[in-house]
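Below, each chain spelled out in residue letters.
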Amino acid sequence: MNPFKEKSYSLERCTSDWKKLYPTAYNKHDTDAYTKVRTILLNGTEFEQCWFMHNLARNTTNNDLRRDVGLLRRMEQQQQKRISFFKPKDESMLETTISYEQLAVDLTAILAQNEKNKYVKAALDFALLEDFDHLYRFSDLLEMEQGVAGEKLVGSYTEIMPGRPTIAEHRHPFDDVRRAIPPTSPISTKLNTMIITAAEQQTMNFYMNLGTFYPSSDLGRKLFLEIGMVEEQHVTQYESLMDSTTTPLECLLMHEYAECYLYYSAMTEESNDVAKKIWTAHFEQELSHLHYAVELLQKYEKKEWAQVIPDGEFPKLLTFNDNYEKNKNYIRNILKNTITNTAVLEEYTDIANVPDSYEYFRYNNAVNKNPSVVASHKVIDSYIAEFGEDYRYTVSEHPVKALRNRKEDNIDIGRKK
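Residues numbered from 1 in each chain as written. Predicted model: local features only at pLDDT ≥ 70, side-chain atom pairs only at ≥ 80, totals over all residues. Heavy atoms only, no water.

Here's the deal with the pattern of salt bridges
Part 1 of the reasoning: In the structure shown here, the tally under the stated rule is 25 salt bridges.
Part 2 of the reasoning: A salt bridge links Arg-67 to Asp-64; the nearest nitrogen and oxygen atoms lie 3.2 Å apart. Taken together, the positions of Arg-67 and Asp-64, both in helix H3 (residues 63-84) and three residues apart, correspond to about one turn of that helix.
Part 3 of the reasoning: A relative accessible area of 54% places Arg-67 in the exposed class.
Part 4 of the reasoning: One continuous salt-bridge network, built from bridges that share partners, spans Glu-130, Arg-164, Arg-171 and Asp-176. (Salt bridge = Lys/Arg side-chain N within 4 Å of Asp/Glu carboxyl O. Helix = DSSP H or I, 4+ residues; strand = E, 2+ residues; numbered from the N terminus. Buried < 20%, exposed > 50% of the residue type's maximum accessible area, 1.4 Å probe, protein only.)

In structure tokens form, the structure reads like this:
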């Protein structure tokens, strides 16, 4: 599939009325977990595109370009609203959060397994274990406070058990910045960095803006606060990987290409009829958006699309349903081999190799002055105190021996030498 060679209709035909912007929401009880995951991913992709175009408009004085971008942005905003309101009003904030973390885990695992750039793969593997731990801690909170088992929400696609402890993830800001990929990187790597940045940014924004409204407990509010800070670290990591040499309109073209790719991927495996119609309609609209971006690139920068994306053919499609068993094995392997890793500036290393005087220890100890009251730890401690052991969903014992004890939360691994 080469979207540049597909026919498209005029941008004005993309305009939707209010009825189309308010679709029938999915039923949270019988909708597949991966339909929920795709909904979050595509919502985040739309937000990333809209926010990029707002920043583009703020950094130019050309009002003709502002109007052209504003027209395109309005169409993207309509798509984003349609996806947002596809989620049902009876889905609790914490149930939605489980889907957010499942997306972070499974998407990252899929991208890492297909990534050819070893440095980008290492970044994906590193954050994977942290989002995996977030899923575990939010799942324990959900079961403890709402009596809902996380395994039902993830559809048994994703295991729920400790990853790199969240308390160990609080690093000095200098250690979250990575090296940008070279401009000559294959389109698959460029797409991977854009997609994971959009997904993590969506999660960061969700926790940042809604965490304060968590209704059930102060402990839950504090957990959203703590993990929301880690999601900001993840966005810092992933956005610094992206190709920083692209011009504004080259980047606009890349965003539209990424949206075409994701909607086409989603529509090929979607089982929910309403969702499939939305993904298909949005793919057709994105073809118009892409071709419009081609026109803007020619109009303002005098460049052809092939100068930005030499081969317009989509790389291997992003699919969830065919990968969950491979994901489980892959995550277990990464847990076993890299659980004690941390970051030192642009590189990763075992915590045992980090000098005692390094800023990681100063920063982590400053944030976690009293580990016993840190929310991510206290959630598990409280669950164990009430039920005798933590909540997990696993297919076999934990691959890391130090994390097999279900009656004690290990807050030293990956944090202390």
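Remarks on the side chain of Glu-256
Part 1 of the reasoning: Turning to its location among the elements, Glu-256 is positioned in helix H9 (residues 248-269).
Part 2 of the reasoning: Although Glu-256 lies buried, it forms no salt bridge, and the closest oppositely charged side chain, Arg-73, sits 11 Å away as judged by the N-O distance.
Part 3 of the reasoning: Discounting chain neighbours no more than four positions away, the residues touching Glu-256 are Gln-49, Leu-72, Glu-76, Glu-286, His-289, Leu-290 and Ala-293. (Lys, Arg positive; Asp, Glu negative; His and termini not counted. Contact = heavy atoms within 4.5 Å.)

What to know about the side chain of Gln-79
Part 1 of the reasoning: Of note, Gln-79 is situated in helix H3.
Part 2 of the reasoning: You can call Gln-79 buried: its relative accessible area is 1%.
Part 3 of the reasoning: A distance of 2.9 Å separates the side chain of Gln-79 from the side chain of Gln-285, its partner in a polar contact.
Part 4 of the reasoning: Only 3.5 Å separates the side chain of Gln-79 from the side chain of Glu-286, close enough to count as a polar contact.
Part 5 of the reasoning: Apart from the residues within four sequence positions on either side, Gln-79 is in contact with Glu-46, Tyr-263, His-282, Gln-285, Glu-286 and His-289. (Polar contact = N/O pair within 3.5 Å; in protein donor to acceptor, adjacent residues only side chain to side chain.)

Some details on the environment of Phe-47
Part 1 of the reasoning: Tracing the backbone through its elements, the reader meets Phe-47 in helix H2 (residues 33-58).
Part 2 of the reasoning: Counting along the chain gives 275 residues from Phe-47 to Asp-322, while the straight-line C-alpha distance between them is 27 Å.
Part 3 of the reasoning: For Phe-47, the contacting residues outside a window of four places in its chain are Gln-80, Gln-201, Gln-202 and Asn-205.

Side note on the pairing of strand S2 (residues 347-350)
Part 1 of the reasoning: The pairing of strand S1 (residues 341-344) with S2 spans four bridges and is classified as antiparallel. Each residue of the ladder has a partner; that of Thr-342, found in S2, is Thr-349.
Part 2 of the reasoning: Hairpin connection from S1 to S2: two residues lie between these consecutive antiparallel strands, with Leu-345 at a positive phi of about 50°. (Pairing = 2+ DSSP bridges.)

Some thoughts on the packing of aromatic side chains
By convention here, two paired aromatic rings are described through the distance between centres and the angle between planes.
Part 1 of the reasoning: One pass over the structure, following the stated rule, counts 24 aromatic pairs.
Part 2 of the reasoning: Each ring, one from Tyr-26 and one from Phe-86, has its centre 5.3 Å from the other, and the planes form 80°; the classification is edge-to-face. Here Tyr-26 is found in the loop between helix H1 (18-21) and H2, whereas its partner Phe-86 is found in the loop between H3 and helix H4 (93-114), with 60 residues between them in sequence.
Part 3 of the reasoning: A residue is classified by how much of its surface remains accessible, and Tyr-26, at 3% relative accessible area, is buried. (Phe/Tyr/Trp six-rings, centres within 6.5 Å; stacked < 30°, edge-to-face > 60°.)

Quick notes on the nonpolar core
Part 1 of the reasoning: If you look at the biggest cluster of nonpolar residues, it comprises 114 residues, and the most contacted ones within it are Leu-41, Leu-107, Leu-253, Trp-279, Leu-318 and Phe-320.
Part 2 of the reasoning: With sequence-adjacent residues up to four places away left out, Leu-253 is seen in contact with Phe-4, Leu-290, Ala-293, Val-294, Leu-297, Trp-305, Val-308 and Ile-309.
Part 3 of the reasoning: With six residues, the next largest nonpolar core counts Ala-168, Ile-351, Tyr-358 and Tyr-360 among its residues. (Core = buried A, V, L, I, M, F, W, Y, C linked by side-chain atoms within 4.5 Å.)

A word on unusual backbone geometry
Backbone geometry follows two general trends: most residues other than glycine have a negative phi, and most peptide bonds adopt the trans configuration.
Part 1 of the reasoning: The phi torsion at Lys-302 lies on the positive side, around 55°, for a residue other than glycine.
Part 2 of the reasoning: Along the chain, Lys-302 falls in the loop between helix H10 (273-301) and helix H11 (324-338).
Part 3 of the reasoning: Owing to a relative accessible area of 68%, Lys-302 belongs among the exposed residues under this scheme.
Part 4 of the reasoning: Of note, Leu-345 is a non-glycine position whose phi angle comes to about 50°, a positive value.
Part 5 of the reasoning: Among the structural elements, Leu-345 can be located in the loop between S1 and S2.

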